[in-house]
Amino acid sequence: MTPWRGLILVFICCSSGWAQSTSMVAQLISTPGSFNQPVYATYAPGDFQNLFVVEQTTSMVRVFNLTTKAVQSAPFVVATNIISSGGEQGLLGLAFHPNYQSNGHFYLFATEPPDGRISIRRYTRSSTNALFASSAHTPVLTFAHDYSNHNGGWLGFGPDGFLYIASGDGGSGNDPNNRAQDVESYMGKILRIDVDRDDYPTDPNRNYGIPSGNPYAGGVSGLDEIWATGLRNPWRCSFDRATGDFWIGDVGQNSREEINFWPAGSPAGPNFGWRVYEGTRRTGLSGGSAGTNYVTPVFEYDRNSGYSVTGGYVYRGNGMPFLKGAYLCGDFGSGVLWSLRPSAGGQFISTRLNNGSGAPMTPDQNTFSGRLVSFGEDAAGEIYVVSYAGLIYRVEPTDPFLKWRRDQLTAAHLAGDTADPYLGDPDKDGLSNLMEYALGSSPSTSNAGPTVLVESNYLTMMLTKNSQATNVIHTVQVSTNMVNWTSGVGSTVILQNTSTNLKVRDAAPHGTFPRRFIRLMVQTTP
């Protein structure tokens, strides 16, 4: 017998309407041993298929396929001339140029021999292999560093198209050389440069320009590259992809860990306080200038909650609508994760996510204790947890419908439908792109879909049949998890089934639990 040629799948969330669970899981998606001391993960613009994972001590960037969950055998790039000692040196950061799809440029943050100086470098993707780059590079910016620790290590492009670089205060303890408050030092700062021009054509080691809005540019005393001051060891920063707001996780000295926030559109030049302040606590150390307006962190915690903050991202993905707009961060030592949400008066409300029984996220903090080295973000805005033990976790909903919806949106992106993969309806047939993908039909070809409505407090689906087709079979199935499907007999009521119409209703009133999904299968034979 010839197999079925057509298959239409229509999913309806019946028993409890569209209410969503707000619980989450950090789901392990990599195989143990796949990575060696990873410290960062990010995406290349336009690439919804892969994560690029930075390994600190191997000096490699590895490619992790999000569909197959496999690591490409050949590294994306192997960086050379890197010193890795003392636990905090090595290959630390990666940023792709906003125009990476056309120019192939990406940038690495590394520590170089013989003295651990900070090196920002430009590399270029192969013209024949999109997942490979040679070790040849162009130095962009290099500067001295005092000790082996507190290197910073993050770099990323802002919404203005400039490259931002987070540098530590030079190391040791208590910033002995007062680097963070010294505007003649690159250390303890956020630097901002324009990598698309060269203001130093005679210097082969300085290949960048100075944005005109930098606070010490244009003859003002201080280094032209400085954008912000007063940081101890900024470990992971990010820009909110929706608003452009800037977030900084800054590791504390002895008593406070802090998250700093600078709203989009605010002037350059914030001073985040170190070494005069550690969080909101005065340190008693000298070094600040009278009249300085120090920026207060929006979130801080003491040693009861952890000892080394890891900055994260504002969630803008598709899998967890209940998490949209929340900033996720954590602590390397304790393994605790938090979410921060804005509240009235410019304040933020923090929620511990994985602190044991009843918490909204699993597994608990012990899984990440001493390992929560970074967060990652993919092209679709989903968030990952990078474990220094060599593992990658994806933060995802436990709700099966939300996971299904996320996967359909990812499929839409991979198929090249990036304009509006969820709500778009290019063929104007009343079926959104998301439903088209669920149906297995084309978003550009009109299809006859079902009608869904609540009738007498029961969720009901009606489908108009093709009266000329004698080779069509309609089957109703139900599921509680969208994985295991059973016959709809007993769980649904067939109200009408004629040659032209099918009308099926859930047997349970709308809004009751446990929630069920109904699948209508329309199959055709030759």
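As the structure is a computational prediction, the values presented were derived from the model and not from experiment. (Residues numbered from 1 in each chain as written. Predicted model: local features only at pLDDT ≥ 70, side-chain atom pairs only at ≥ 80, totals over all residues. Heavy atoms only, no water.)

### Notes on the overall build of the protein
So the rule is basically this: The helix and strand labels rest on DSSP assignments: H or I over at least four residues marks a helix, E over at least two residues marks a strand, and numbering proceeds from the N terminus. Three labels apply to residues, based on accessible area from a 1.4 Å probe with only protein chains included: buried if under 20% of the type maximum, exposed if over 50%, partly exposed otherwise in between. Whether two residues are in contact is decided by their heavy atoms: any pair within 4.5 Å suffices. The accessible surface values rely on the Shrake-Rupley method and a 1.4 Å probe; as for residues, cover is taken only from the protein chains in view.
A tally of regular secondary structure across the protein gives three helices and 35 strands. Buried positions account for 53% of the 526 residues belonging to the protein. In the protein, 57% of the contacts between residues at least 6 apart in sequence involve partners at least 24 apart. About 21,100 Å² of surface is accessible on the protein, with carbon and sulfur atoms providing 49% of the total.

### Thoughts on the side chain of Gln253
Short version of the rule: The term polar contact refers here to a pair of N or O atoms within 3.5 Å; inside protein, the definition further demands a hydrogen-donor-capable atom paired with an acceptor-capable atom, and it admits residues adjacent in sequence only when both atoms are side-chain atoms.
Structurally, the position occupied by Gln253 is in the loop between strand S16 (246-250) and strand S17 (257-262). When its relative accessible area of 17% is taken as the criterion, Gln253 is described as buried. From its side chain, Gln253 meets the backbone nitrogen of Asn174 in a polar contact 3.0 Å long. Setting aside residues no more than four positions away along its own chain, Gln253 makes contact with Gly173, Asn174, Arg232, Trp274, Glu278 and Arg303.

### With respect to the nonpolar core
Rule in force here: Only buried residues count toward a nonpolar core. Its members are Ala, Val, Leu, Ile, Met, Phe, Trp, Tyr and Cys residues joined through side-chain atoms within 4.5 Å.
The biggest cluster of nonpolar side chains holds 81 residues, and the ones touching the most others in it are Val61, Phe76, Leu94, Phe106, Leu108, Ile190 and Phe246. Core analysis: the second largest hydrophobic core is formed by 25 residues, Ala95, Tyr107, Ile210 and Tyr216 among them.

### With respect to the pattern of salt bridges
Our working definition: The salt bridge definition used is simple: a Lys or Arg side-chain nitrogen within 4 Å of an Asp or Glu carboxyl oxygen.
In the structure shown here, the tally under the stated rule is 16 salt bridges. Where Arg62 meets Glu55, a salt bridge forms, and the shortest distance between an N and an O atom there is 3.9 Å. With its nearest N and O atoms 3.3 Å apart, the salt bridge here joins Arg281 to Glu278. A relative accessible area of 35% places Arg281 in the partly exposed class. Overall, the relative accessible area of 3% leaves Glu278 in the buried class. One continuous salt-bridge network, built from bridges that share partners, spans Arg394, Glu396, Arg406 and Asp407.

### Digging into unusual backbone geometry
Pro113 connects to Pro114 through a cis peptide bond whose omega is 5°. Relative to the elements of secondary structure, Pro114 occurs in the loop between strand S8 (105-112) and strand S9 (117-124). Cis geometry is found at the peptide bond from Thr362 to Pro363, where omega equals -5°. As for its placement among the helices and strands, Pro363 is situated in the loop between strand S25 (361-362) and strand S26 (372-377). Residues other than glycine seldom take positive phi values, yet Arg236 does so here, at roughly 85°. Tracing the chain through its elements places Arg236 in strand S15 (residues 234-239).

### Remarks on the packing of aromatic side chains
As a reminder of what qualifies: Any pair of Phe, Tyr and Trp rings, taking the six-membered ring for Trp, is counted once the centres come within 6.5 Å. Such a pair is stacked with planes under 30 degrees apart, edge-to-face with planes over 60 apart, and tilted for the rest. Charge-over-ring placement is defined geometrically: NZ (Lys) or CZ (Arg) within 6 Å of the ring centre, and within 35 degrees of the ring normal.
The final tally for this structure, using the stated rule, is 29 aromatic pairs. For the pair Phe239 and Phe246, a centre-to-centre distance of 4.4 Å together with 25° between the ring planes defines the contact as stacked. Judged by its relative accessible area of 2%, Phe246 is buried. The structure contains a cluster of three or more aromatic residues connected by ring pairs, namely Phe52, Phe76, Phe96, Tyr100, Phe106 and Tyr123. The ring of Tyr100 is capped by Arg125, whose NZ or CZ atom sits 4.7 Å from the centre of that ring. Taking NZ or CZ as reference, Arg232 lies 5.7 Å from the ring centre of Trp274, over its face.

### Description of the sheet that holds strand S21 (residues 309-314)
The cut-off we apply is this: At least two DSSP bridges between two strands are required for those strands to pair. Helix axes are fitted to C-alpha atoms over the stretch in contact, other axes to C-alpha atoms as well, and angles between N-to-C directions run from 0 to 180 degrees.
Across the sheet, four strands lie side by side as S21-S22-S23-S24; this open sheet has antiparallel pairing. Each edge of the open sheet carries a strand with a single partner, namely S21 and strand S24 (348-352). Within this sheet the neighbouring strands show an average axis-to-axis angle of 25°, counted without direction. For strand S23 (residues 337-342) and S24, the ladder comprises five bridges, and the chain directions are antiparallel. Its bridge partner being in S24, Trp338 is matched across the sheet by Arg352.

### Re the side chain of Arg275
Keep this limit in mind: Asp and Glu are treated as the negative residues and Lys and Arg as the positive ones, with His and the ends of the chain left uncounted.
Within the fold, Arg275 resides in the loop between S17 and strand S18 (277-278). Buried charged residue Arg275 carries no salt bridge. Nearest counter-charge: Asp175, at 5.4 Å. Other than its neighbours up to four places away in sequence, Arg275 contacts Asn174, Asp175, Pro176, Asn178, Gln181, Thr283, Leu285, Ser286 and Gly287.

### A few points about the environment of Asp203
Inspection of the secondary structure puts Asp203 in the loop between strand S13 (190-193) and strand S14 (226-228). Polar contacts involving the side chain of Asp203 include one to the main-chain amide nitrogen of Asn205, which spans 3.0 Å.

### Describing the sheet that holds S15
With respect to topology, four strands assemble into an open sheet ordered S15-S16-S17-S20, the strand pairing being antiparallel. Both edges of this open sheet fall to S15 and strand S20 (299-301), since each of them pairs with a single strand only. With strand direction ignored, the average angle separating the axes of adjacent strands in the sheet is 10°. Bridge analysis of S17 against S20 gives three bridges, and the strand direction is antiparallel. Across the sheet, residue Ile259 finds its bridge partner in S20, namely Phe299.

### Thoughts on the pairing of strand S34 (residues 501-506)
As judged from the five bridges shared by strand S33 (residues 492-497) and S34, these two strands associate in the antiparallel manner. Following the sheet pairing, Thr492 is matched in S34 by Asp506.

### Looking at the layout of surface pockets
If you roll a probe as big as a water molecule over the atoms, it shows you where there is empty space left. For clarity, the threshold we go by: In this analysis, the protein atoms alone were mapped onto a 1 Å grid. Cavities are point sets where a 1.4 Å probe fits without being able to get out; pockets are open sets with protein on both sides within 12 Å along at least five of seven lines; lining residues have an atom within 4 Å of a point. Grid points are joined across faces, edges and corners, and a volume is the space filled by probe spheres set on the points. Gly falls in the polar group here, along with every residue not listed as nonpolar (Ala, Val, Leu, Ile, Met, Phe, Trp, Tyr, Cys, Pro) or charged (Asp, Glu, Lys, Arg).
By volume, the largest pocket amounts to about 590 Å³. Lining the largest pocket we find 26 residues, and of these Thr42, Tyr43, Phe96, Phe157 and Glu377 sit closest to its centre. When contributions to the lining of the largest pocket are tallied by element, the ones reaching two or more residues are strand S3 (38-42), strand S7 (91-96), strand S11 (154-157) and S15. A per-element tally of the lining of the largest pocket places S11 first, with four residues. Residues that form the lining of the largest pocket fall into these classes: 16 nonpolar, seven polar and three charged.

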